[in-house]
Amino acid sequence: MSQSQNHLGRNLLVLAGIFLLMLVLNHLMPLHRDDYDYSLIWMTTEHITSAQDTVYSAYRHYLLHGGRMFTVLCLNFFLWLGKFAFDIANALMFTALVVLLYFHARRSVEWRQEPLILAVTGLFAWLSFPHFGEVAVWKSGSTVYLWSAVPVALFLLPYNITLAKGQASLRSWAILPMFLLGIIAGWSVENLAVTVVGLTFGISWYLRRQGKMAGWMPAGAFGSLLGLIGLVGAPGNFVRYDDQGAGKGIFAHIGNQFAGNGEMLLYILPLVLLLLCAWRIYKLELAEKKGLAIDRAPLQFGWRQWALLGVILLLVVSYFNGSFVAWTVRDILYAVVMVPLGLTKPKTIDHFDNLFKGFDEMAIYWLTIFFVYALVKKQLGLTSPVIKMLAQKVSAREVWQAFPAVRYAGYMLALALINNFVMIAAPTFPARATFSSVAMIIIAAVAVLREPLIRGYFAAHGHKVLMAGAWGLALFTLSASMLVTYTMQQENDARIAIVQEAAAKGEPIAYMEPIAMKNRALRHVFFVDFDNGVTKDGLCKYYGIKDIKVNTDKEKHR
């Protein structure tokens, strides 16, 4: 077997693993919240029972709620086809996005040579997308964010490759396909659509000045503009903005930027630290070319490292055994801090308890990341004196000019920030809206990490630590996600049975206990209890009952 065939087999194995993981998660994820609303003809109680109903429901949604026609059509269609069809389609979409991110990082469609980098791309996508369960597994969320990102990434790929190679990557036959794909890309998510329009028009103008513009470039740009007009011009947008945006001034919109970007930073922390290490490696390379010697001490585990590793392992054991560490810390703080300060009102205690429901998992995540980062820094010889010396001897301008990968990553990071800034026009800026910006940051990180210089440094001075950290985080989050999703599926099925029984008996109200498990596995699981307004309203309409009561003694209401 040739080396190329061997790598192809490994790449296919990586993609098969990603697809199967997502398929299992999607299989375990039940219909939830908005899924019930979208299973009905919009703003009615009639179930979607035909392909015609899916189109009519999307049309009503366009008039009454929002302009995301393409994603709503996809959601309605697959909810009509059934859950299993959706599970397969969603797993394929995520796998396709990983491949497209990798292509953008390479700036080519060749993918046989780097199975490890392809796997790293998948790992970055798994760890870094904000509120993963909400944007990549939950049906109503994934069709908005994941299913928008795939056609956009596909649409932008020829532009990216053309910029990289300096010649058109497609022929004249692509004018109509790129125009149509541009409409879909522009008719996606608001901030991403604006970025796509600006980017494609900008690239077309730049290449026209270079005398390298092909007809499909402006065709795609004009298609994306038409899609954007269809997206933002929907009557439903104005209805929703009146509900959500009324009374919010410019300072509220600016505050949204800090909140949205800040939460995104929490999710992309591994990428940020890896890029920081890579930046310093570039500086090390230039410093050594100038004759500056860097001493690297061999990695040694002292008692502090062993103690921190022991704490992480203890937290892992705690997480899978009722989170006893979190509740012990909570009880100590309650006795020592809350009671003496008189902070014992039920609502305050409830908020205090909620804080600790994700304590173990967040502590594991943060401690592992900084633990690995500290060890890799030490192996690279990046002590405080060395970092200070590099800042003095090697300028950022030198690094920027010397390495094309740095410039490409820099442009992608700037584009990600611009893409987020577009959200300043929106009344709200939830973390899930940073999905497309995180995709751009993943591209930047992969583009840098696949550089021979960076891979060589990490292979020589931090490979084992990075691999151990990556495997550790991956296995923990995978195990936690599977466990929590499976548990939530069982809890959901039991409560849906209660709702169905009430509907069958003609009872107007379904009574049930609250779901005890609140753990979300670093937001890789999305689930909200049945007393939430959105969940309750959709379920009631779907099953034809009037109300759902959680944690209520049924006898008191008879």
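Once a new chain begins, its residue numbering starts again from 1 and follows that chain's sequence as written. Owing to the predicted nature of the model, reporting of local features is limited to residues with pLDDT of at least 70; listing and counting of side-chain atom pairs is limited to 80 or more, with chain, interface and lining totals taken over all residues. Only hydrogens and water are set aside when side-chain values are computed; all heavy atoms of the structure are taken into account.

1. Some details on the overall build of the chain
Numbered from the N terminus, helices here are DSSP runs of H or I no shorter than four residues, and strands are runs of E no shorter than two. Tallying secondary structure elements over the chain gives 25 helices and two strands in all. The principal-axis extents of the C-alpha atoms in the chain amount to approximately 85 × 65 × 60 Å. Relative accessible area decides the class of each residue, using a 1.4 Å probe on protein chains only: under 20% of the type maximum gives buried, over 50% gives exposed, and in between gives partly exposed. Scored against the burial criterion, the 558 residues of the chain give a buried share of 50%. By definition in these notes, contact holds between two residues if any of their heavy atoms fall within 4.5 Å. In the chain, 79% of the contacts between residues at least 6 apart in sequence involve partners at least 24 apart.

2. Description of the pattern of salt bridges
What counts as a salt bridge is simple: a side-chain nitrogen of Lys or Arg found within 4 Å of a carboxyl oxygen of Asp or Glu. For the coordinates displayed, the defined rule picks out 14 salt bridges. The closest approach of N and O atoms between aspartate 37 and lysine 541, which form a salt bridge, is 3.3 Å. One end of the pair, aspartate 37, is in helix α2 (residues 34-38); the other, lysine 541, is in helix α25 (residues 533-543), and 504 residues separate them in sequence. Look at aspartate 37 and you get buried, because its relative accessible area is 13%. With relative accessibility at 31%, the residue lysine 541 sits in the partly exposed group. A salt bridge links arginine 330 to aspartate 353; the nearest nitrogen and oxygen atoms lie 3.5 Å apart.

3. Overview of the environment of threonine 477
As for its position among the elements, threonine 477 is in helix α24 (residues 463-505). Counting along the chain gives 265 residues from threonine 477 to lysine 212, while the straight-line C-alpha distance between them is 46 Å. Apart from the residues within four sequence positions on either side, threonine 477 is in contact with Trp126, Leu127 and Leu522. Polar contacts involving the side chain of threonine 477 include one to the side chain of tryptophan 126, which spans 2.7 Å. Throughout this description, a polar contact denotes any pair of N or O atoms lying within 3.5 Å of each other; where both atoms belong to protein, one of them has to be capable of donating a hydrogen while the other can accept it, and for residues adjacent in sequence the pair is counted only when both atoms sit in side chains. Reaching out from threonine 477, the side chain makes a polar contact with the backbone oxygen of alanine 474 at a distance of 3.1 Å.

4. Regarding a nonpolar patch on the surface
Patch membership requires over 30% relative accessible area and the absence of a salt bridge. Like charges are linked within 9 Å, and nonpolar side chains (Val, Leu, Ile, Met, Phe, Trp, Tyr) within 5 Å. Note that accessible areas follow from Shrake-Rupley with a 1.4 Å probe, and for residues the cover is restricted to the protein chains shown. On the surface, a cluster of nonpolar side chains totalling about 510 Å² of accessible area is made up of Ile332, Leu333, Val336, Val337, Leu341 and Leu343. Relative to the assigned elements, valine 337 resides in helix α16 (residues 324-341). Of the residues examined, valine 337 reaches a relative accessible area of 34% and is grouped as partly exposed.

5. Structural notes on empty space enclosed by the protein
The distinction between a cavity and a pocket rests on a 1 Å grid over the protein atoms alone: a 1.4 Å probe fits inside a cavity but cannot get out, while a pocket stays open yet meets protein on both sides within 12 Å along at least five of seven lines, and a residue with an atom within 4 Å of a point counts as lining. Grid points are joined across faces, edges and corners, and a volume is the space filled by probe spheres set on the points. Applying the stated rule across the entire model yields two cavities of 30 Å³ or more. Taken as a whole, the largest cavity spans an internal volume of roughly 50 Å³. Lining the largest cavity, in full, are Tyr145, Ala149, Val189, Asn191, Leu192, Arg432, Ala433, Phe435 and Ser436. Of all the secondary-structure elements, those providing two or more residues to the lining of the largest cavity are α8 (139-165), α10 (190-209) and α22 (435-449). Classes in brief: Ala, Val, Leu, Ile, Met, Phe, Trp, Tyr, Cys and Pro nonpolar; Asp, Glu, Lys and Arg charged; the others, Gly included, polar. Per-class residue counts for the lining of the largest cavity are six nonpolar, two polar and one charged. Counted as a void, the second largest cavity has a volume near 40 Å³. Lining the second largest cavity are Leu25, Met29, Gly133, Val137, Thr485, His524, Val525 and Phe526. For the lining of the second largest cavity, the per-class residue count stands at five nonpolar, three polar and no charged.

6. Here we look at helix α5 (residues 83-106)
Here α5 contains 24 residues, and its C-alpha end-to-end distance of 35 Å stays within 8% of the 34 Å for a straight helix at 1.5 Å per residue. With 17 of its 24 residues buried, α5 lies for the most part within the structure. Downstream of α5 by one or two residues, arginine 107 has phi in the positive range, about 60°. To estimate the expected span of a helix, subtract one from its residue number and multiply by 1.5 Å.

7. A short note on the packing of aromatic side chains
Both the distance between ring centres and the angle between the ring planes are used here to describe each pair of aromatic rings. Note on aromatic contacts: the rings of Phe and Tyr and the six-membered ring of Trp form a pair at centre separations within 6.5 Å, being stacked when their planes are under 30 degrees apart, edge-to-face when over 60 apart, and tilted otherwise. The final tally for this structure, using the stated rule, is 28 aromatic pairs. For the pair phenylalanine 129 and phenylalanine 435, a centre-to-centre distance of 4.1 Å together with 10° between the ring planes defines the contact as stacked. Note that phenylalanine 129 is positioned in the loop between α6 (115-128) and α7 (132-137) and phenylalanine 435 in helix α22, a separation of 306 residues in sequence. Assigned by exposure class, phenylalanine 129 and phenylalanine 435 land together as buried. Taken together, the aromatic side chains of Phe77, Phe78, Trp80, Phe86 and Trp147 make up a single cluster linked through ring pairs.

8. What about the side chain of asparagine 419?
Looking at where asparagine 419 falls in the secondary structure, it is placed in helix α21 (residues 404-421). For asparagine 419, a relative accessible area of 0% translates into the label buried. When neighbours within four sequence positions are excluded, asparagine 419 is seen to be in contact with Asn191, Leu192, Thr195, Ser436, Ser437 and Met440.

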